Amino acid sequence: MKMFHVVQYRPLGLIAQNCLSSMCLKLMVSRPVAFAQLWKSWFSSHSLVGNKNIILMGPPGAGKTTIGRIVGQKLDCPVIDIDDDVLEKTWNMTVSEKLQDVGNEQFLEEEGKALLKFSASGSVISLTGSNPMHAAGMQHMKKNGIIVYLDVPTAVIMSRLKSMKVDRIVGQSPGISLKDILQFRKQFYKRWYDIRVLYGGDVAPEAVAEKVLDAVKRYENSEVETFISTRSSRSGRSMEKDSHKYFSDVVIEGLAPDGGLFVPERGLPKFTAGEWQSLIEATYIERAQVILERCIHPADIPASKLAEIIGTAYGENFTCSKIAPVRHLAGNQFLLELFHGPTASFKDFALQIVPHIFAYCIPRSCNYLVLVATSGDTGSAVLDGFSRLHDTDKQRIAVMNFFPEDGVSPIQKSQMIGCQKENAWSVGVKSDFDFCQTAIKQIFTNSDYTGFLTVEYGTALAAANSINWSRLLPQIVYHASAYLDLVHQGIIPFGSPVDVCIPTGNFGNILAALYAKRMGIPIRKCICASNENNVLTDFIRTGVYDLRGRKLIPTFSPAVDILKSSNLERYLHLIANEDGQLVTQLYNQLENQGHFQLRKDLLEKLQQDLVAGWCSEEDCLAAIHSVYSTTGYILDTHTAVAKVVADRLQDRTCPIIISSTAHYSKFAPAILRALRIAEIKQNPLSQLHLLSSYSPLPPVHWGLLETLKKKGNDDHQVCAADMSMLMSRIETLIQSHFMKAF
């Protein structure tokens, strides 16, 4: 359900009314259009927050007082500085004198008491750096205010305080450094803010004030962040203004009613170079919070709830504290390790977050069955993610995973079966991934069937594949974070380009990299790496997407054994300037004739972003053996595909980041074959123990070992490649899970 902020309008001051009247009378007569524009501009600035306060919060040295004055001037409203206008007047002494008089702990208490007695409306208020450390005082302030966190890197604050000759702040005890106390305070700032304004050290106060106003406008107006289908026409959109879709809607619905995919109508937010640079010292969780806040409106998920979700997703579920570390491989090649999550693939980055987002967004009045199709890694990640929900959420949210029964690795299959829980099931389908994915799309667009499930069982369907917009956002984070890590490690200065090479099947991961580029990360080329199912390679080179006569080839890298790449549709919509009619035409032709061809101008646009290559099975295994022989590091089969393609296509003029999308443990038979180990046992657990005996780098994945040790790892449903059979299985599951309470 959408939450809208009610804006209360303050009466105009008498002087302002008189000034406006004399100027407006002249304009009304001589230039009526100019008068209308002036009135609209003036009124919008004064009605921005109404009787609410804009409350600036941040560390000492963030510029709260100066920025507050500028914001107040722009809005023509009172400006209050808590230090000067409240504390010193209340105490009849300076803040430093009070601190010296009562000491740190008592000072915080006295400061909080002063806040509790303070009241204002329609003002810009600059807090002290220590106000957020008093809970009751901040709760009081928050009741009638929008709290804006001026988030400045600690290094910048340290430099500013040094120039101000400040070497000690409130709460800093002997033996505690200034840097430590500034870091300690961040937890309090993060607890209270509604809006974050991010900036570095070289931004003028006037520019920061504009950023504050823009952020407040966004906070107060959720109407502007709507979503459209990749297949909607511009004329159709203008006629359907009453049926806007918001982030929470697209999370729930997954697929657009016309069969297209949801995308933000105004595109993704762009970060300035300074904003990106301010995240260089940040942790992965901090980067994720900042980026996702800008992509998800607080009316859908408030910043505090988003922080809780991100902390839950990445706090303890990943084996590496860096979450997505970047490791130097050789020469100018770096590996982005995306396998440290609980199910050992890059899918964990989205699917540890998405279930919690989904549970927050859905209405409490309905049960939801999440459907997912997988070519290998998605299934176990979805099952694991949704099984970690709170018990109350698991009672109303279940997940059903369809995978090609004979089209995944033995360990992947054992993992998907082992990840089944009371609200999560796997179904093997006697077909390939493309059938599974197409079947789910057809089920979603079958309004008679979905309506029947809703009426008969009170259950709605939802999608967890990368067709769901919320799956893509967390993937943008790790591509941005990888670049920032290279800057932090001193490999490149900020602004220098990098290439990225990504093993690609459904086009979601590489699309996230393209989105990161659009948001301001200096990615030069995205290299699309395919295996022998190289339809994307041909398409990127020629502009012809041709499925005629193609049959899916099972390979050692099953996650990219895909012929119909769903997320390519989003990218085509992007480069076609949101021409939904063109996208509809292309995909209708693909569906009916098995092929389509891009116009020359669109192919040129595409080739500015993308290059592509493919890798044979022999070259994949040879790359694994070669890298292990020279470095002791084991690549998984998908990463090996990317490594081979990167070697062929990179020009070595800049670093290249290769996405290591899965842990090699998931593909033990292929790895053992690549390493030329003669004895390959059939039991997946035995295979992992054999690999572990070689003391590989990185070690065998702990989560896989634990899952494979579970009993009953062959207990799952198998279904024929028949739509009516799949629909029957769905109905049976709904009856067994959601109806048992009745």
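Basis of the calculations
- Residues numbered from 1 in each chain as written.
- Predicted model: local features only at pLDDT ≥ 70, side-chain atom pairs only at ≥ 80, totals over all residues.
- Heavy atoms only, no water.
- Helix = DSSP H or I, 4+ residues; strand = E, 2+ residues; numbered from the N terminus.
- Rg over C-alpha atoms; globule rule 2.2 N^0.38 Å.
- Buried < 20%, exposed > 50% of the residue type's maximum accessible area, 1.4 Å probe, protein only.
- Contact = heavy atoms within 4.5 Å.
- Areas by Shrake-Rupley, 256 points an atom, 1.4 Å probe, with all protein chains shown as cover.
- Lys, Arg positive; Asp, Glu negative; His and termini not counted.
- Charge placed at Lys NZ, Arg CZ, Asp CG, Glu CD.
- Pairing = 2+ DSSP bridges.
- Core = buried A, V, L, I, M, F, W, Y, C linked by side-chain atoms within 4.5 Å.
- Phe/Tyr/Trp six-rings, centres within 6.5 Å; stacked < 30°, edge-to-face > 60°.
- Lys NZ or Arg CZ within 6 Å of the ring centre and 35° of its normal.
- Axes fitted to C-alpha atoms, helices over the stretch in contact; angles between N-to-C directions.
- Parallel < 35°, antiparallel > 145°, perpendicular 65-115°, else oblique.
- Left-handed = near helix turned anticlockwise from the far one by under 90°.
- pLDDT = per-residue confidence, 0-100.
- Disulfide = S-S within 2.5 Å.
- UniProt positions renumbered as here; feature names shortened; annotations may be inferred.
- Nonpolar A, V, L, I, M, F, W, Y, C, P; charged D, E, K, R; others polar.

Teacher, can you tell me more about the overall build of the chain here?
When its secondary structure is counted, the chain shows 34 helices and 20 strands. For a compact globule of 742 residues, the expected C-alpha radius of gyration is about 27 Å, and the chain comes in at 28 Å, within 12% of that figure. Dimensions of the chain, computed from the C-alpha atoms along their principal axes, are close to 85 × 65 × 60 Å. With 742 residues in all, the chain has 59% of them scored as buried. Once local pairs closer than 6 in sequence are excluded, the contacts in the chain between residues at least 24 apart make up 77%. Summed over its atoms, the accessible surface of the chain is roughly 30,100 Å², and 52% of this surface lies on carbon and sulfur atoms. Averaging the coordinates of the 75 positive side-chain charges in the chain and doing the same for the 74 negative ones gives two points 2 Å apart.

It is not clear to me how the pairing of strand 10 (residues 367-373) should be interpreted in this structure. Could you clarify?
Here is the key point about a regular strand: its side chains alternate between the two faces of the sheet. Burial of strand 10 is extensive: seven of the seven residues sit out of reach of the surface. Side chains Asn 367, Leu 369, Leu 371 and Ala 373 of strand 10 all project onto a buried face; the interleaved residues Tyr 368, Val 370 and Val 372 project onto the opposite face, where all are buried too. In terms of strand pairing, strand 10 meets strand 13 (residues 459-463) through five bridges, oriented parallel. Of the residues in strand 13, the one forming a bridge with Leu 371 is Ala 463.

Got a minute to help me understand the nonpolar core in this structure?
Among soluble globular proteins, nonpolar side chains are generally buried collectively. Among the nonpolar cores identified, the biggest contains 121 residues, and Trp 276 and Tyr 314 are the most heavily contacted of them. Here this core gets twelve residues from one element, more than from any other, and that element is helix 23 (residues 469-488). Core analysis: the second largest hydrophobic core is formed by 39 residues, Leu 621, Ala 640, Ala 670 and Ile 671 among them.

What is the right way to read the packing of aromatic side chains from this model?
Here a ring pair, both rings aromatic, is described through the centre-centre distance and the interplanar angle of the planes. On inspection of all chains with the given rule, the structure shows 22 aromatic pairs. Judged by centre distance (5.5 Å) and plane angle (90 degrees), the ring pair of Phe 358 and Tyr 368 falls under edge-to-face. Here Phe 358 is found in helix 17 (residues 354-361), whereas its partner Tyr 368 is found in strand 10, with ten residues between them in sequence. Where Phe 452 meets Tyr 457, the ring centres are 5.9 Å apart and the plane angle is 85 degrees; that geometry is what we call edge-to-face. Given the relative accessible area of 10%, Tyr 457 is considered buried. Grouping aromatic residues by their ring pairs yields a cluster made of Tyr 284, Tyr 314, Phe 318, Phe 349 and Tyr 478. The ring of Phe 271 is capped by Arg 294, whose NZ or CZ atom sits 4.2 Å from the centre of that ring.

Please clarify how the packing of helix 3 (residues 64-75) against helix 10 (residues 205-220) should be interpreted in this entry.
To characterise two packed helices, one gives the angle between the axes of the helices and the distance between these axes. It is the contact of helix 3 with helix 10, at a shortest axis distance of 9 Å, that shows an interaxial angle of 60 degrees. It follows that helix 3 is oblique to helix 10 by the angle criterion. Judged by the twist between their axes, the crossing of helix 3 over helix 10 is right-handed. Listed contacts from helix 10 to Thr 66, Ile 67, Ile 70, Val 71, Lys 74 and Leu 75 of helix 3 are Pro 205, Glu 206, Val 208, Ala 209, Glu 210, Val 212 and Leu 213.

Before we go on, may I ask you to explain the sheet that holds strand 2 (residues 79-81) in this structure?
The strands that make up a sheet are held in pairs by hydrogen bonds between backbone atoms, and each pair lies either parallel or antiparallel. The five strands lie next to each other as 2-3-1-4-5, forming an open sheet whose pairing is parallel. The open sheet is flanked by strand 2 and strand 5 (195-198), the only strands paired with a single partner. The sheet shows a mean angle of 20 degrees between the axes of neighbouring strands, direction not considered. In the sheet, strand 1 (residues 53-57) pairs with strand 3 (residues 124-126) via three bridges, with the strands oriented parallel. Looking across to strand 3, one finds that Leu 56 is bridged to Ser 126. In the packing of helix 10 onto the sheet, contacts are made with strand 1, strand 4 (145-151) and strand 5, and the angle to strand 5 comes to roughly 150 degrees.

Would you mind showing me how to read unusual backbone geometry here?
As a rule of thumb, non-glycine residues mostly have phi less than zero, and peptide bonds are mostly trans rather than cis. Leu 697 connects to Pro 698 through a cis peptide bond whose omega is -10 degrees. For Ile 323, which is not glycine, the phi dihedral falls at a positive 65 degrees. Here Ile 323 shows up in the loop between helix 15 (303-315) and strand 8 (326-330). In this structure, Glu 578 is a non-glycine residue whose phi angle is positive, near 60 degrees. Structurally, the position occupied by Glu 578 is in the loop between helix 26 (568-575) and helix 27 (580-593).

Explanation requested: the confidence of the model for the chain in the structure shown.
The predicted structure's coordinates, where accompanied by low pLDDT, should not be read in detail. With 91% of its residues at a pLDDT of at least 70, the chain reaches an overall mean of 89. Under a pLDDT of 50 for its full length, residues 1-46 has, in the predicted model, 52 contacts with residues more than four places off or in other chains.

What exactly am I supposed to notice about helix 18 (residues 377-387) here?
For an α-helix the count is 3.6 residues per turn, leaving residues at separations of three or four pointing the same way. Within helix 18, eleven of the eleven residues are buried, leaving the element largely enclosed by the surrounding structure. Asp 377, Thr 378, Gly 379, Ser 380, Ala 381, Val 382, Leu 383, Asp 384, Gly 385, Phe 386 and Ser 387 are the residues of helix 18 that are buried.

Looking at this model, I keep getting lost on the state of the cysteines. Mind explaining?
In a disulfide, the sulfur atoms of two cysteines are held together by a covalent bond. In this structure the tally under the stated criterion is zero disulfides. Free of any disulfide, Cys 366 has its nearest cysteine sulfur in Cys 361, 14 Å distant. By relative accessible area, Cys 366 is classed as buried at 15%.

Explain the UniProt feature "modified residue: N6-(pyridoxal phosphate)lysine" (unreviewed entry) in the chain here, please?
Listed under "modified residue: N6-(pyridoxal phosphate)lysine" (unreviewed entry) in the UniProt record, and renumbered for this structure, are Lys 347. Along the chain, Lys 347 turns up in helix 16 (residues 347-351). By relative accessible area, which is 11% here, Lys 347 ends up buried. Look past the residues within four positions of Lys 347 in its chain and what remains in contact with it is Asp 377, Thr 378, Ala 381 and Arg 471.

Can you walk me through the packing of helix 23 against helix 24 (residues 508-518) in this structure?
It is at 8 Å that the axes of helix 23 and helix 24 come closest, and there the two elements cross at 60 degrees. Considering the angle they form, helix 23 stands oblique to helix 24. Crossing geometry of helix 23 relative to helix 24 is assigned as right-handed. Contacts between helix 23 and helix 24 involve Trp 469, Leu 472, Gln 475, Ile 476, Tyr 478, His 479 and Ala 480 on the former and, on the latter, Gly 508, Asn 509, Leu 511, Ala 512, Ala 513, Tyr 515 and Ala 516. Of the residues assigned to the contact of helix 23 with helix 24, the class counts are ten nonpolar, four polar and no charged.

Before we go on, may I ask you to explain the sheet that holds strand 9 (residues 333-337) in this structure?
The strand order 8-9-19-14-15-18 describes an open sheet built from six strands, whose pairing is mixed. In this open sheet, the two strands that pair with only one neighbour each are strand 8 and strand 18 (610-614). With direction set aside, neighbouring strand axes in the sheet form an average angle of 25 degrees.

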